[in-house]
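Tertiary structure, described
Listed below, chain by chain, are the residues.
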Amino acid sequence: MKYACLSDIHGNIEAFHTCIKDAVEKGVNGFILVGDYITDFPFENETIEMIQELEQQYPCYIIKGNREDSVIHQSENHEYKIGSNEESIYYTAFYLTKAHINYLKKLPDVITENFGHYKVSISHKMEQADEADVIISGHTHLQSSIYDEGVLYVNPGSVGENADGRLGATYSIITFGEKVEVEENIVEYDREKVVAQLRDSYMSHLRDHWGELNCKTIENGYSMTLNYLKNMITIAENHGYSNDLDEVPPHLWNEGFELTMKQMEEMKQKSSM
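Residues numbered from 1 in each chain as written. Predicted model: local features only at pLDDT ≥ 70, side-chain atom pairs only at ≥ 80, totals over all residues. Heavy atoms only, no water.

Quick notes on the overall build of the protein chain
Heads up, the condition is: Helix and strand labels come from DSSP, where a helix needs a run of H or I of at least four residues and a strand needs a run of E of at least two; each type is numbered from the N terminus. Should any heavy atoms of two residues lie within 4.5 Å, those residues are considered in contact. All accessible-area figures derive from a Shrake-Rupley calculation using a 1.4 Å probe, and residue coverage is judged against the displayed protein chains alone. For the purpose of counting charges, residues Lys and Arg are taken to be positive, whereas Asp and Glu are taken to be negative. His and the chain ends are not included. Taken as the charge centre is NZ of Lys, CZ of Arg, CG of Asp or CD of Glu, depending on the residue.
Along its length, the protein chain carries nine helices and ten strands. Overall, the protein chain is about 60 × 50 × 35 Å in size when its C-alpha atoms are taken along their principal axes. Nonlocal contacts in the protein chain, meaning residues at least 24 apart in sequence, comprise 63% of its contacts between residues at least 6 apart. Roughly 12,600 Å² of accessible area belongs to the protein chain as shown, and the carbon and sulfur atoms make up 48% of that amount. In the protein chain, which carries 22 positive and 46 negative side-chain charges, the distance between the mean positions of the two groups comes to 2 Å.

Some points on the packing of aromatic side chains
To keep it simple, the criterion reads: Any two of the Phe, Tyr and Trp rings considered here, Trp counted by its six-membered ring, make a pair once their centres fall within 6.5 Å; the pair's planes then place it as stacked at under 30 degrees, edge-to-face at over 60, or tilted in between. Only protein chains enter the calculation, and the probe is 1.4 Å; a residue is then buried if its accessible area is under 20% of its type maximum, exposed if over 50%, and partly exposed in between.
The tally for this structure, following the rule as stated, stands at 14 aromatic pairs. Taking 4.9 Å as the distance between ring centres and 50 degrees as the angle between the ring planes, the aromatic pair formed by tyrosine 61 and phenylalanine 115 counts as tilted. Residue tyrosine 61 is located in strand E3 (residues 60-62), and its partner phenylalanine 115 is located in strand E4 (residues 110-115); the two are separated by 54 residues in the primary sequence. When its relative accessible area of 5% is taken as the criterion, phenylalanine 115 is described as buried. Each residue in the set Tyr90, Tyr91, Phe94, Tyr95 and Tyr202 is aromatic and connected to the rest through ring pairs, giving one cluster.

So, helix H6 (residues 191-199)
Which entries qualify depends on this criterion: The directions considered for the arc run from the helix axis to the C-beta atoms.
Taken as a whole, H6 has its buried residues at Arg191, Val194, Val195 and Leu198. Along the axis of H6, the buried residues cluster in a sector spanning 95 degrees; they form a single face.

Regarding the pairing of strand E2 (residues 30-33)
To keep things clear, this is the line we draw: What makes two strands pair is DSSP finding at least two bridges between them. If the strands point away from the viewer and the path from the first strand over the helix to the second runs clockwise, then the crossover is right-handed.
By the alternation rule, side chains of E2 split into Gly30 and Ile32 and Phe31 and Leu33, which are all buried. Summarising the sheet, strand E1 (residues 2-6) and E2 pair through four bridges and their orientation is parallel. Counted as the bridge partner of leucine 6 is leucine 33 from E2. Bridge count between E2 and E3: three bridges; the pairing is parallel. Directly across from phenylalanine 31, in E3, lies its bridge partner cysteine 60. Note on the crossover from E2 through helix H2 (residues 44-57) to E3: the handedness is right-handed.

Brief notes about the packing of helix H7 (residues 210-220) against helix H9 (residues 250-272)
For clarity, the cut-off: Every angle, taken between N-to-C directions, lies between 0 and 180 degrees, and every axis is a line fitted to C-alpha atoms, over only the stretch in contact when it is a helix. By the definition adopted for this analysis, an angle is roughly parallel if under 35 degrees, roughly antiparallel if over 145, roughly perpendicular if from 65 to 115, and oblique otherwise.
For the pair H7 and H9, the least separation of the axes is 12 Å and the interaxial angle reads 10 degrees. Here H9 runs roughly parallel to H7, going by the angle between their axes. Here Glu212, Leu213, Lys216 and Asn220 of H7 lie close against H9, whose contacting residues are Phe257, Thr260, Met261, Met264 and Lys268.

Regarding the pattern of salt bridges
Applicable threshold: Counted as salt bridges are all cases of a side-chain nitrogen of Lys or Arg within 4 Å of a carboxyl oxygen of Asp or Glu.
A full pass over the atoms with the stated rule returns eleven salt bridges. Of the charged contacts, one joins lysine 193 and glutamate 14 as a salt bridge, the two residues approaching to 3.2 Å between their closest N and O atoms. On the criterion of sequence distance, the pair formed by lysine 193 in helix H6 and glutamate 14 in helix H1 (residues 13-25) is long-range, its members being 179 residues apart. As a salt-bridge pair, glutamate 76 and lysine 105 come within 3.4 Å of each other at their nearest N and O atoms.

Overview of the sheet that holds E2
Taking strand neighbours across the sheet as the criterion, the five strands line up as E3-E2-E1-E9-E10 in an open arrangement whose pairing is mixed. Because the sheet does not close on itself, it has two edges, and the strands there are E3 and strand E10 (180-187). Between one strand axis and the next, the sheet turns through 20 degrees on average, direction left out of account. Packing against the sheet, H1 makes contact with E1, E2, strand E9 (169-176) and E10, and its axis sits at approximately 30 degrees to E9.

So, the sheet that holds E4
The strand order across the open sheet formed by five strands is E4-E5-E6-E8-E7, and the pairing between neighbours is mixed. One side of each edge strand has no neighbouring strand; the edge strands of this open sheet are E4 and strand E7 (143-148). On average, each strand axis in the sheet is inclined to that of its neighbour by 15 degrees, with strand direction left out of account. Relative to strand E6 (residues 134-136), strand E5 (residues 118-123) runs parallel, the two being bridged by three bridges. In the strand pairing of E6, serine 121 is matched with isoleucine 135.

Structure below.
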């Protein structure tokens, strides 16, 4: 059996559609979806609908990621507000239909199944996985396939926001036969269209520059979100604010964004040397 393994779509439906088309052309029999389908691009409902269409056409193994957990939490507790550090979670929960939220609630955190001779564990984060011959996880946005002490660890990277400096969407194809074979893929899609859609959406108005940071990720292939949050925590502490970033005023978010963009340019220069 030959499965396309996709993770971290983050609402980038253009990239998702392109990866599915590429996988079908390569003759996959089914799909393994590894979480974080929503929150960073303004196509929440369309992405869930595409997942549901896949389920109707192919054997699918689908788990939820931390972004789904956050949106479910928001839908039940209404913790985040407009202007908060988690504005993208707020908007995603607001725009998702109730039916789609209920669909996400039913997704498991971990699936462990036998694929032929091999026990396979599927989870969004590697630390959530059960013991198995093959462990499939996402979350890092970095594509890899590594054998370690008899276990094959597969990370398909990120469909929506690839973070290794390459431009495009990454996913992997796993073939289970007498042995397990992994084909790592990166496909180009209309990134200019996605960036234009993102800048024309509510995501472009988030107080923490999250939408623009995602545009830069698509344009440059480097995800600087973790660096950005680290920068913001340092800046907040230096100005006497607590770790609650909701208290940080807009001009300091601007400072953190500019610093992060500078770091991205430095990273690009080093990689080109």
